[in-house]
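One-letter residues, chain by chain:
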Amino acid sequence: MAAWKGLVAAVAGLMGLALAPLSHAQAPAVPILEAPTILGLPETSHPSVRRFLNLNTPRVLAFGPNGTFGWQAGGGDAAFVEQTALANCERRAGPGACTIALRDLSIVKPGREWAPNPPPEGVAITSAHHATLPDERFIWWGPEQARGVLVFGHGKEALQDLRGRQPQSWTRHFNNAGFDVWRFDREPNADSARRAAAWLRADLAELRRRGYRQVVVAGQSRGGWNALMVLNRPGLADVAIAIAAAAHGRLSEEDNRLHAQLAELEALMTEAAGASRARLAVADFRDDPFMAEPDRRAEILRRQRERFAALLLIDRPEGVTGHGAGGTTAFNDRYGACLLRFATAPRPPAIC
């Protein structure tokens with residue numbers, strides 16, 4: 001009888017493991033995220049390497065003897081980034097003493113080579129004028145393994161084609177924590193705000209249908225405005241992150257679009273009444289020529305605090321300015337981890 005009870009308990013335990021939801025508190029280990037240990041770097045260097053891993057590509061890390069290393073992320077093309085990383089390392093280790101260890105998402109250290117699998121073919125959601133698709137410059141987890149998905153929309157600059165532009169680097173915090181990062185690309189000739197919002201609503205519903213546990217919609221400028229526009233449909237997004245959201249062109253004091261922007265923002269917030277379970281984060285910046293009356297805009301947003309499950313307003317912070325401030329390394333360093341906590345923590349922060 002004791003043996004039978006033990007067998008029943010063991011089977012029940014196995015069934016419990018099979019039926020229990022997977023824990024998504026953190027991303028499963030992948031070699032690139034364990035780079036400080038794999039490269040044998042001293043503990044004191046780990047924060048610097050983790051910062052490197054939260055920056056956009058092109059990026060290169062070189063290492064040398066006795067734990068010396070140097071890295072570069074951005075600032076030029078791939079060749080410039082590699083030369084600068086080697087130079088930064090050799091200033092510590094000596095001329096010719098350093099070799100490349102990490103390049104973009106790959107480990108190239110001899111004997112420890114590793115590269116992630118790319119997203120599978122055919123997963124993009126497309127129409128004649130847009131595509132929502134995984135960005136290959138980010139680690140691909142897949143709906144079954146991922147904690148969730150972050151869909152990032154680019155801005156709109158007249159008829160300039162911004163499709164393929166890399167999502168802002170703060171999204172790396174989400175990717176490294178187990179979120180897939182998808183781009184919301186639109187053909188400039190067809191990219192009206194309302195049409196884009198309709199595409200985005202349909203695509204978020206499709207990503208939810210494919211099994212993503214948490215859906216985060218985000219964007220910069222017009223992409224951020226579209227993120228606000230989808231909040232009128234409950235259940236599409238768990239979190240919206242609007243960075244310098246705008247949809248009315250460059251503004252001036254004589255331009256009546258100043259008032260139109262504020263009126264439309266208030267209308268969007270009113271229409272978002274059905275999204276009371278969603279969390280909303282908004283980042284606005286000083287010296288942004290696309291933002292109307294910043295004090296009134298901030299007040300409109302603050303009045304929405306009770307409308308959403310949580311509200312985070314990053315309102316004109318010191319040290320990061322201009323319409324493109326959300327794409328800077330300074331913004332990433334200061335707010336990337338906080339935005340991730342806001343999206344995922346049981347008790348999201350109210351300030352960063």
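Residues numbered from 1 in each chain as written. Predicted model: local features only at pLDDT ≥ 70, side-chain atom pairs only at ≥ 80, totals over all residues. Heavy atoms only, no water.

**Student:** Now, about the pairing of strand β2 (residues 69–73): what can you tell me, with residues and values included?
**Tutor:** Of all five residues making up β2, four are buried, and the element is well covered by its neighbours. Pairing analysis gives five bridges linking strand β1 (residues 59–63) to β2, with the strands arranged antiparallel. Paired with V60 across the bridge in β2 is Q72. Here β1 hands over to β2 after five residues, with N66 in that stretch at a positive phi of 60 degrees. (Buried < 20%, exposed > 50% of the residue type's maximum accessible area, 1.4 Å probe, protein only. Helix = DSSP H or I, 4+ residues; strand = E, 2+ residues; numbered from the N terminus. Pairing = 2+ DSSP bridges.)

**Student:** Residues and numbers for the sheet that holds strand β9 (residues 215–220), please.
**Tutor:** Ordered in space as β5-β6-β8-β7-β9-β10-β11-β12, the eight strands form an open sheet in which the pairing is mixed. Across the chains shown, the open sheet's two edge strands, defined by having one partner strand only, are β5 (125–126) and β12 (310–315). Relative to strand β10 (residues 239–243), β9 is paired through five bridges, and the arrangement is parallel. What sits directly across from V216, in β10, is V239. Contacts from helix α6 (residues 193–209) reach β5, β6 (130–134), β7 (148–153), β8 (179–186) and β9, with the element oriented near 155 degrees to β8. Against the sheet, helix α10 (residues 329–344) contacts β8, β10, β11 (279–284) and β12, and its axis sits at roughly 165 degrees relative to β11. (Contact = heavy atoms within 4.5 Å. Axes fitted to C-alpha atoms, helices over the stretch in contact; angles between N-to-C directions.)

**Student:** Outline the environment of A245, supporting the account with residue identities and numerical values.
**Tutor:** When you line up the elements, A245 lands in the loop between β10 and α8 (257–271). When the C-alpha positions of A245 and R222 are compared, they lie 5.9 Å apart, and in sequence the two are 23 residues distant. Aside from chain neighbours lying at most four places away, what touches A245 is S221, G224, W225, L228, D284 and R297.

**Student:** Hey, could you go over the packing of aromatic side chains for me, with residue numbers and the actual values?
**Tutor:** Scanning all chains against the criterion turns up eight aromatic pairs. Plain terms: the ring middles of F285 and F331 are 5.7 Å apart, the flat faces sit at 80 degrees to each other, and that makes the pair edge-to-face. Of this pair, F285 sits in the loop between β11 and α9 (294–302) while F331 is found in helix α10, placing the two residues 46 residues apart along the sequence. Considered together, F285 and F331 belong to a single accessibility category, that of buried residues. Each member of the aromatic cluster is reached from another via a ring pair, and the members are F152, W170, F174 and F179. It is R59 that lies over the ring of F52; its NZ or CZ is 5.4 Å from the centre. Across from the ring centre of F138, 3.7 Å away, lies the NZ or CZ of R172, which sits over that ring. (Phe/Tyr/Trp six-rings, centres within 6.5 Å; stacked < 30°, edge-to-face > 60°. Lys NZ or Arg CZ within 6 Å of the ring centre and 35° of its normal.)

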